[in-house]
Amino acid sequence: YVTGTTDVGVSIFGALHGKFLHSPVTMPENPAAYGAIHVKLGTYVLLPLYALYPRAEALFVIQSTLLGLGALPLFGFARRHVSPWLAVAIAVAYLVYHPMHSVTFTDCNYIPTATFFVLATVWALEERRWVWFVLAFLAACLMREDIPIGLAVVGAFFAVSGRRPRAGLLMAAVATGWFVYLRFFWMEEKGEWWFPSMYKGLWSPGEEGFKSVIKTLATNPAFVLTRLVEKDRLYYLLHLFVPLAFLPARRWYLWAAFIPGVVLTLLATDYKPPTMFSFQYVMHWTPYLFLATPLALASIAARPDDGPARARAAAAAMLLAALALQYNYGAFPARDGSVKGGYKMVEFSFSEEERRRYADLRDVIELIPPEASVAATENVGPHVSSRITIYAARYGPYDAEYYLASSKELDLKQTRPRLKEALESKRYGVLFRKGDFALMKRGHDPSGNAELIADWFRKRDPAEEVDDDPAEGDHR
């Protein structure tokens, strides 16, 4: 679990209780201004499922299930262009795609969740299932403000190729208009956030923001290209394309599938996660690359010189590459029993010590009333995110009634001093301790604070500390 899950957890729980785009985790001073960061109207698409079991664990189940179900519309689309067995090969390659496995174990995010709806939209459009098309398209558009970019590209491709010209043109126009409205009107009206600084390497002199990026793209593409040609980006692209045997890149007209990924990941100059295969941003590429794959195989099969045999060979190469990389980087079966999720390696074992630690955390959480506000450290936050108000401890406790912390998270640069200040000021008093967890309550008897400070805040080498705010750099 990471703070991203806490953010999604508290925002969807708030939506369940009448709070619209509300997140004190990332906007502690004004939770209602969350729309300046993201417009996650997809919350209301998932809300009926989440309401059945309103906890962070449910979000992971929903995300993973929808990612897996994406193989069905992908197969349906592929079957329209290639043989059933080649369509099966594409669906299997999708299910073992190791970047998608990493995403599943990073956190809960609406970019991966949108993948199913994107694939369903294209399948329904191809099959002329207009009711399903409208429902899937609307759900995909609502997921997050950046998803319509890919949908606009898909619509334009259908229009230009002549397959579904009117529906494709309408889809492209609606998706483009929706994105422009959300990004440049809705979000601008809500306030400012640090995300535009991800692209500050492309800002024109004396300017800033997304509009400056667009200006640079339009007026100086050669400069933009120099920012894209870097070793780390090549490594990232190899993780994306090798499992597909570079099939989407083998026909120039299929390069349209690269547009969402290039715009939303490769152009980020000052933030690493968008160009790491273990973060959710990789899903700006995944559905479009896999939709391009059956088109590439169909083109190969249409060649007069043993086309069908060549297509089968290409599909076999794709499967072998996907399975080999899945063994080395994927989740089932993992070569060393772990998978990279975000910055960390996620172990699939569950030791007795970990089982005991989880039981300790549950015992501590039992003391917090469900309606109480809480400030929590990074990795325990998701476990208490099913409430209206929760704060990230790295920003401070604000007016939280309870403060939940783990001694294992005191190497975080911002969390450590804020927790220590809350204890030394005696604003919070230690209510309960178990294992490496401590629960403090605002206004409680501070007689136990000195002991906790002595136990937790030993002298520490600053080199041991890591950044816990992605806005200021990479966190572990």
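Residues numbered from 1 in each chain as written. Predicted model: local features only at pLDDT ≥ 70, side-chain atom pairs only at ≥ 80, totals over all residues. Heavy atoms only, no water.

(A) Structural detail: empty space enclosed by the protein. Counted by the stated rule, this structure contains four cavities of 30 Å³ or more. Here the largest cavity defines a volume of roughly 60 Å³. Broken down by secondary-structure element, the contributors of at least two residues to the lining of the largest cavity are helix H3 (56-69) and helix H7 (110-127). Per-element accounting of the lining of the largest cavity gives the leading share, three residues, to H3. (1 Å grid on protein atoms, 1.4 Å probe; cavity = no way out; pocket = protein on both sides within 12 Å on 5 of 7 lines; lining within 4 Å. Points joined across faces, edges and corners; volume = space filled by probe spheres on them. Helix = DSSP H or I, 4+ residues; strand = E, 2+ residues; numbered from the N terminus.)

(B) Structural context of the packing of aromatic side chains. Within the structure shown, the criterion is met by 22 aromatic pairs. Relative to Tyr253, the ring of Trp252 has its centre 5.8 Å away and its plane inclined at 85°; by these criteria the two rings are edge-to-face. Take Trp252: its relative accessible area is 68%, and that puts it in the exposed class. When the centroid spacing of 5.3 Å and the interplanar angle of 25° are considered together, the rings of Tyr391 and Tyr398 count as stacked. On the basis of relative accessible area, Tyr398 is assigned to the partly exposed category, the value being 28%. In textbook terms, an aromatic cluster arises when at least three aromatic residues are bridged by ring pairs, as seen for Tyr236, Phe241, Phe246, Trp255, Phe258 and Trp285. (Phe/Tyr/Trp six-rings, centres within 6.5 Å; stacked < 30°, edge-to-face > 60°. Buried < 20%, exposed > 50% of the residue type's maximum accessible area, 1.4 Å probe, protein only.)

(C) Highlighting the layout of surface pockets. Its boundaries defined by the atoms lining it, the second largest pocket holds a volume of some 470 Å³. Taken together, 22 residues make up the lining of the second largest pocket; nearest its centre are Phe157, Phe158, Tyr253, Leu254 and Leu295. Every element with two or more residues in the lining of the second largest pocket is listed here: H7, helix H9 (147-161) and helix H15 (286-301). Broken down by element, the lining of the second largest pocket gets its largest block of residues, eight residues, from H9.

(D) Just the sheet that holds strand E6 (residues 428-434), in detail. Judged by pairing direction, the sheet is mixed, and its five strands sit side by side in the order E4-E3-E5-E7-E6 without closing on themselves. Of all strands in the sheet, those with a lone pairing partner are strand E4 (390-392) and E6, marking the two edges. On average, each strand axis in the sheet is tilted by 25° relative to the strand beside it, whichever way the strands run. Bridge count for strand E5 (residues 402-406) against strand E7 (residues 437-442) is five bridges, and the pairing is antiparallel. Bridged to Ser406 within E7 is Phe437. Taken strand by strand, helix H17 (residues 352-365) contacts E5, E6 and E7, and its axis lies near 10° from that of E7. Against the sheet, helix H18 (residues 415-424) touches E5, E6 and E7, its axis set at about 130° to E5. (Pairing = 2+ DSSP bridges. Axes fitted to C-alpha atoms, helices over the stretch in contact; angles between N-to-C directions. Contact = heavy atoms within 4.5 Å.)

(E) Seen up close, the pattern of salt bridges. In this structure the tally under the stated criterion is 17 salt bridges. A salt bridge links Glu57 to Arg55, with the shortest nitrogen-to-oxygen separation between them at 3.2 Å. Salt-bridge contacts for Glu352 lead to Arg355; the nearest nitrogen and oxygen are separated by 3.7 Å. With Glu352 and Arg355 both in helix H17 and three residues apart, this pair spans about one turn of that helix. For Glu352, a relative accessible area of 60% puts it in the exposed group. Shared partners join several salt bridges into a network, and the residues in it are Arg356, Asp360, Asp363 and Lys434. (Salt bridge = Lys/Arg side-chain N within 4 Å of Asp/Glu carboxyl O.)

(F) How the structure looks around the packing of helix H8 (residues 130-143) against H9. Remark: H8 packs on H9, axes separated minimally by 7 Å, with the N-to-C direction vectors making an angle of 140°. In this view, H8 runs oblique relative to H9, as classed from their interaxial angle. Between H8, through Phe137, Ala140, Cys141 and Met143, and H9, the contact on the second element is made entirely by Ile147, Pro148 and Leu151. Across the contact of H8 with H9, the residue classes tally to seven nonpolar, no polar and no charged. (Parallel < 35°, antiparallel > 145°, perpendicular 65-115°, else oblique. Nonpolar A, V, L, I, M, F, W, Y, C, P; charged D, E, K, R; others polar.)

In short, geometric facts, not functional conclusions.
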